[in-house]
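# Inside the fold
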Amino acid sequence: MTVYIIHENDTWLPPFRKAFEELHLPFIEWNLSATHSFALNKKPDHDAIYFNRISPSSHTRNHRFSCEITGQVLDYLSLHSCRIINDQRALSLELSKVKQYVELTQSNIRVPRTAFVGCATSLNQQESAIQENFIETLKRTARENFFNESTQTWTPFISKHNRAGKGLGVHLFADDQQLEEQFKKLPNNQNNDDEEFSVDGIYLLQEYIQSPKKAINRAEFIGYKLMYVIEVDTRQGFQLCPSDACRKQVEVKLVQQSADEIKHGFNIRSKESFTENEKNVIEQLENFLQEHQIEVAGIEWVDDGTNIYVYDVNCNTNYNVAAETRFFGDMYGTVRLGEYFQKQLRKD
């Protein structure tokens, strides 16, 4: 009985390896950042679970086609009726914020007001006329959705990538002029920063929901059920990857912790602290995951003091071991995940 971990980022794996080894849970890694081959008529290991944790930000690690390859691997496994944790349904949600908002809205879960602009060719390869047309379309879309003609005021809004992760392409704007300035810089950006370009050509404009607490919440689910909620301080920006590996990177763009300013940045909440609104949203999200057969997820929301807005469904979830150790005394999420896999293997 084996767990096959389908992934593309080795730096996120150490907590999983440690937990699975301590549980004596056999596992094999399929790192799809490398080259693999599969024969459709060859049956894969059936005494196994296949755990998909591919990341939508894989292209930023020069693994441009890992997500596409994963889709074909999941189809191959489905052909042979293998037990998959987070199958094609999860992958399709992982790779599209637009799809997430559509599905959440259909489940009567509140999301921020969102519009999107699609561009069929990469902005860093376009002629100036096409770039100008794209920016004008962005500005018009922003004005149509976030400008009040009667009061002549703007609602703050953000941009983000449709296929994202790590806070890719997230910028805050007060009006369409700031939006224009940001996107005019992209084709000529001196740092050759491809992370600012949406890999699928779709850019979202979304109402900026302001939290009085300057925090967002991320709910971690295993087996469709809530495991815990972690509160994340947002004063340092939008790149809020919870993995300890992210926190240790020295890149300027990633969140840098400051104990003086924000304590620890990531803090697990007690269930007693949940508001009635949050309890209702958690129940909705558990039903949402069950309906879409997404067994493992991290879902983020922001509370403006009146309403809760869900804005991200992460089917490739990482856990913040530092926060877990402060709250539980040791690593927690990967252990609970390994125990869940053990139960599923016994069932199969």
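Preceding block: the structure.
Keep in mind the model is a prediction, meaning the values are calculated, not measured.

### Examining helix 4 (residues 97-106)
All of the buried residues along helix 4 are Lys97, Gln100, Tyr101, Glu103 and Leu104. Down the axis, helix 4 shows its buried residues gathered within 165° of arc, on one side only. On its buried side, helix 4 packs onto helix 3 (88-94), strand 5 (114-118), strand 8 (157-161), strand 10 (202-207), helix 9 (276-292) and strand 15 (308-314). Structurally, the start of helix 4 carries an N-cap: the backbone nitrogen of Val98 is 3.4 Å from a side-chain oxygen of Ser96. Two residues or fewer after helix 4 comes Asn108, characterised by a positive phi angle close to 60°.

### As for helix 5 (residues 128-146)
Taking 1.5 Å as the rise per residue, helix 5 with 19 residues should run 27 Å; its terminal C-alpha atoms sit 26 Å apart, in good agreement. Of the residues making up helix 5, those classed as buried are Gln131, Phe134, Ile135, Thr137, Leu138, Lys139, Thr141, Ala142 and Phe146. Lining the buried residues of helix 5 we find strand 5, strand 6 (147-148), strand 7 (153-154), strand 8, helix 6 (176-185) and strand 10.

### Some details on the pairing of strand 10
Counting buried positions along strand 10 yields five of six residues, so the element is predominantly enclosed. In the sheet, strand 5 pairs with strand 10 via five bridges, with the strands oriented antiparallel. Bridge assignment links Val117 to a residue of strand 10, and that residue is Tyr203.

### Re the sheet that holds strand 5
An order of 5-10-8-9 is seen for the four strands of this open sheet, with the pairing classed as antiparallel. Looking along the sheet, the strands with just one partner apiece sit at the ends: strand 5 and strand 9 (171-173). Sheet twist, expressed as the average angle between the axes of neighbouring strands with direction ignored, equals 25°. Those strands touched by helix 4 are strand 5, strand 8 and strand 10, and its axis lies near 45° from that of strand 10. Packing against the sheet, helix 6 makes contact with strand 8, strand 9 and strand 10, and its axis sits at approximately 145° to strand 9.

### Quick word on the sheet that holds strand 2 (residues 27-31)
Spatially, four strands are ordered 2-1-3-4 in an open sheet, and the strand pairing comes out parallel. Edge strands, defined here as strands with exactly one partner in the open sheet, are strand 2 and strand 4 (83-85). Put simply, the sheet's adjacent strands are angled 25° from each other on average, direction ignored. Inspection of the sheet shows strand 3 (residues 48-52) paired to strand 4 by three bridges, in the parallel sense. Bridge pairing links Ile49 to Arg83 in strand 4.

Rules used in this analysis
Residues numbered from 1 in each chain as written. Predicted model: local features only at pLDDT ≥ 70, side-chain atom pairs only at ≥ 80, totals over all residues. Heavy atoms only, no water. Buried < 20%, exposed > 50% of the residue type's maximum accessible area, 1.4 Å probe, protein only. Helix = DSSP H or I, 4+ residues; strand = E, 2+ residues; numbered from the N terminus. Arc of directions from axis to C-beta. Contact = heavy atoms within 4.5 Å. Polar contact = N/O pair within 3.5 Å; in protein donor to acceptor, adjacent residues only side chain to side chain. Expected span 1.5 Å × (residues − 1). Pairing = 2+ DSSP bridges. Axes fitted to C-alpha atoms, helices over the stretch in contact; angles between N-to-C directions.

Everything listed is a geometric property; what it means functionally is a separate question.
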